[in-house]
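Each chain is listed here by its residues.
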Amino acid sequence: MPELPEVETIVRDLRLIVPQRTIKAVRVLRPNVVQGTEETFISTLIGKTFRSISRRGKNIVSHMSHDYVLVINLGMTGRLALDTDNSALTHPAVQFQLDRGRPLVYDDIRRFGKLRLFKEPDWESQSDRLGPEPLSPDYTYTDLYEKLASSSSPVRSWLLNQKNLAGVGNIYANEALHLAGVHPRRPSNNLTEPESKLLHQSLKTILYSAIENRGTTLRNYRDTSGLRGRNKPNLKVYGRHEQACFSCKSLVERIVFSNRSAFFCPDCQR
DNA sequence: AGTGTATCCTGCAGGC
DNA sequence: TGCCTGCAGGATACAC
């Protein structure tokens, strides 16, 4: 569910809520969303204070006191929110009682999400296994072009692999490829340098505009206040199977490979 | 190295 | 109304 723009939106919300708050109690209602034993997870977090919140790819990274890092991957349906009386948190999995205010709740319908605890250096080495951040100023089209050149896998699959690029998921991979005019099945090492440059720029454009719109809600995604993202009307191909391309009026096609749907315009994307 | 398949889960839409 | 199938923003492990 949540890709880079959705996670970025949640991270920005959390920065207004949790820093300098201390965890007083933890309730694990669904042990399988927590890595390691429930007991260790709880005892490690009690008494720790949130210092800062950042994002790495699709991960919410909470830097805690005593050099601990709580890393949350939302999977398909994970949510974080402060519990409220009329809460739409239907599948609470973990509750954090803070030193003041309402509990912070991790809610996850399908429970594909994961909450992991690291010591700072261990998280650093874990983070190093992820690809570059597409929105980082020092991520250049040359980086993209050279890395694409070493892979023969379809470019849509390449973009989804978090070791190649961190944070891009199926919606924005398809949207960026459409904006760049590149067919999702093109072998990565088949892209020319100009095409790589266009794809690099398209990724930034698509991701920035999705962040401005606070993410895309197709079904389950909500921000920490329970509000939907507003980016869905901007989608040009994702989910638009058999509808007319806005650029050329051809019908958007849906194909499946690597077990995921790919949407593209057969005329705009060769 | 890459791909297809299965797995972890629940919920919803569509067909009958 | 109910039952069945397919599908969903992710990540990973496996066989080939």
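Before any of the text, the structure's been laid out above.
Below you will find a few notes about this structure. Quick caveat: nothing in here was measured; it's all calculated off a predicted structure. (Residues numbered from 1 in each chain as written. Chains lettered and ligands numbered in written order. Predicted model: local features only at pLDDT ≥ 70, side-chain atom pairs only at ≥ 80, totals over all residues. Heavy atoms only, no water.)

**Considering the protein's contact with DNA strand B**
At step 1: Around DNA strand B, the structure places 13 residues, and the nearest of them are His91, Arg110, Ser151, Pro154 and Asn259.
At step 2: Sugar and phosphate atoms represent 51% of those atoms of DNA strand B found within 4 Å of the protein.
At step 3: In the environment of DNA strand B, a sugar or linking oxygen lies 3.3 Å from a nitrogen or oxygen atom belonging to the side chain of arginine 111.
At step 4: Side-chain polar atom of serine 151 to a phosphate oxygen of DNA strand B: 3.1 Å apart, as the coordinates give it. (Near = heavy atom within 4 Å. Polar contact = N/O pair within 3.5 Å; in protein donor to acceptor, adjacent residues only side chain to side chain.)

**Let's talk about the sheet that holds strand 4 (residues 68-73)**
At step 1: If you trace the four strands from one edge of the open sheet to the other, you get 2-3-4-8, paired in antiparallel fashion. Single-partner strands in this sheet number two, and they are strand 2 (50-56) and strand 8 (114-119). Across the sheet, the mean angle from the axis of one strand to that of its neighbour is 20 degrees, orientation sign disregarded.
At step 2: Judged from the six bridges that link them, strand 2 and strand 3 (residues 59-64) form a sheet pairing that is antiparallel. When the sheet's bridge partners are listed, arginine 55 is paired in strand 3 with isoleucine 60.
At step 3: Strand contacts of helix 2 (residues 38-45): strand 3, strand 4 and strand 8, with the helix running at about 60 degrees to strand 8, the strand carrying the most contacts.
At step 4: Most of the contacts of helix 3 (residues 120-127) go to strand 8, to which it runs at about 120 degrees, and overall it touches strand 2, strand 3, strand 4 and strand 8. (Pairing = 2+ DSSP bridges. Helix = DSSP H or I, 4+ residues; strand = E, 2+ residues; numbered from the N terminus. Axes fitted to C-alpha atoms, helices over the stretch in contact; angles between N-to-C directions. Contact = heavy atoms within 4.5 Å.)

**With respect to the nonpolar core**
At step 1: Counting 32 residues, the largest nonpolar core has Val155, Leu159, Val168, Leu199 and Leu203 as its most contacted members.
At step 2: Secondary-structure elements contributing two or more residues to this core are helix 4 (141-148), helix 5 (155-160), helix 6 (170-180) and helix 7 (193-212).
At step 3: Membership of the second largest hydrophobic core comes to 30 residues, among which are Ile23, Ile60, Leu104 and Tyr221. (Core = buried A, V, L, I, M, F, W, Y, C linked by side-chain atoms within 4.5 Å. Buried < 20%, exposed > 50% of the residue type's maximum accessible area, 1.4 Å probe, protein only.)

**As for a negative patch on the surface**
At step 1: A cluster of acidic residues, Asp138, Asp143, Glu146 and Glu193, forms a negative patch on the protein surface.
At step 2: Within the secondary structure layout, aspartate 138 lies in the loop between helix 3 and helix 4.
At step 3: Look at aspartate 138 and you get exposed, because its relative accessible area is 62%. (Patch = residues over 30% accessible without salt bridge, like charges linked within 9 Å, V, L, I, M, F, W, Y side chains within 5 Å. Areas by Shrake-Rupley, 256 points an atom, 1.4 Å probe, with all protein chains shown as cover. Salt bridge = Lys/Arg side-chain N within 4 Å of Asp/Glu carboxyl O. Lys, Arg positive; Asp, Glu negative; His and termini not counted. Charge placed at Lys NZ, Arg CZ, Asp CG, Glu CD.)

**Remarks on the environment of threonine 90**
At step 1: Mapped onto the secondary structure, threonine 90 falls in the loop between strand 5 (78-82) and strand 6 (92-98).
At step 2: Residue threonine 90 is classed as exposed on the basis of its relative accessible area, which comes to 57%.

**What about the packing of aromatic side chains?**
At step 1: Enumeration according to the criterion identifies three aromatic pairs in this entry.
At step 2: Here the aromatic rings of phenylalanine 41 and phenylalanine 96 are separated by 6.5 Å at their centres, their planes lie at 55 degrees, and the arrangement is tilted. Of this pair, phenylalanine 41 sits in helix 2 while phenylalanine 96 sits in strand 6, placing them 55 residues apart in sequence. The same class applies to phenylalanine 41 as to phenylalanine 96, namely buried.
At step 3: Sitting over the face of the ring of tyrosine 68, lysine 119 holds its NZ or CZ atom 4.2 Å from the ring centroid.
At step 4: Positioned above the aromatic ring of phenylalanine 257, the side-chain terminus of arginine 156 is 4.2 Å from the ring centre. (Phe/Tyr/Trp six-rings, centres within 6.5 Å; stacked < 30°, edge-to-face > 60°. Lys NZ or Arg CZ within 6 Å of the ring centre and 35° of its normal.)

**Observations regarding the side chain of asparagine 170**
At step 1: Of note, asparagine 170 is situated in helix 6.
At step 2: Note on asparagine 170: relative accessible area 6%, which makes it buried.
At step 3: At 3.1 Å, the side chain of asparagine 170 and the side chain of arginine 156 are in polar contact.
At step 4: Sequence-distant contacts of asparagine 170, that is, excluding residues within four places in its chain, are made with Glu3, Arg156, Leu160, Tyr238, Arg260 and Ser261.

**Quick notes on the sheet that holds strand 6**
At step 1: One open sheet holds the four strands; their spatial order is 1-6-7-5, and the pairing between them is antiparallel. Two strands bound the open sheet, and with one partner strand each, they are strand 1 (23-28) and strand 5. Between one strand axis and the next, the sheet turns through 15 degrees on average, direction left out of account.
At step 2: Bridging between strand 5 and strand 7 (residues 104-108) involves five bridges; their strand directions are antiparallel. Note that in strand 7 the partner of glycine 78 across the bridge is aspartate 108.
At step 3: Together, strand 1 and strand 6 form the strand contacts of helix 2, whose direction differs from that of strand 1 by roughly 165 degrees.

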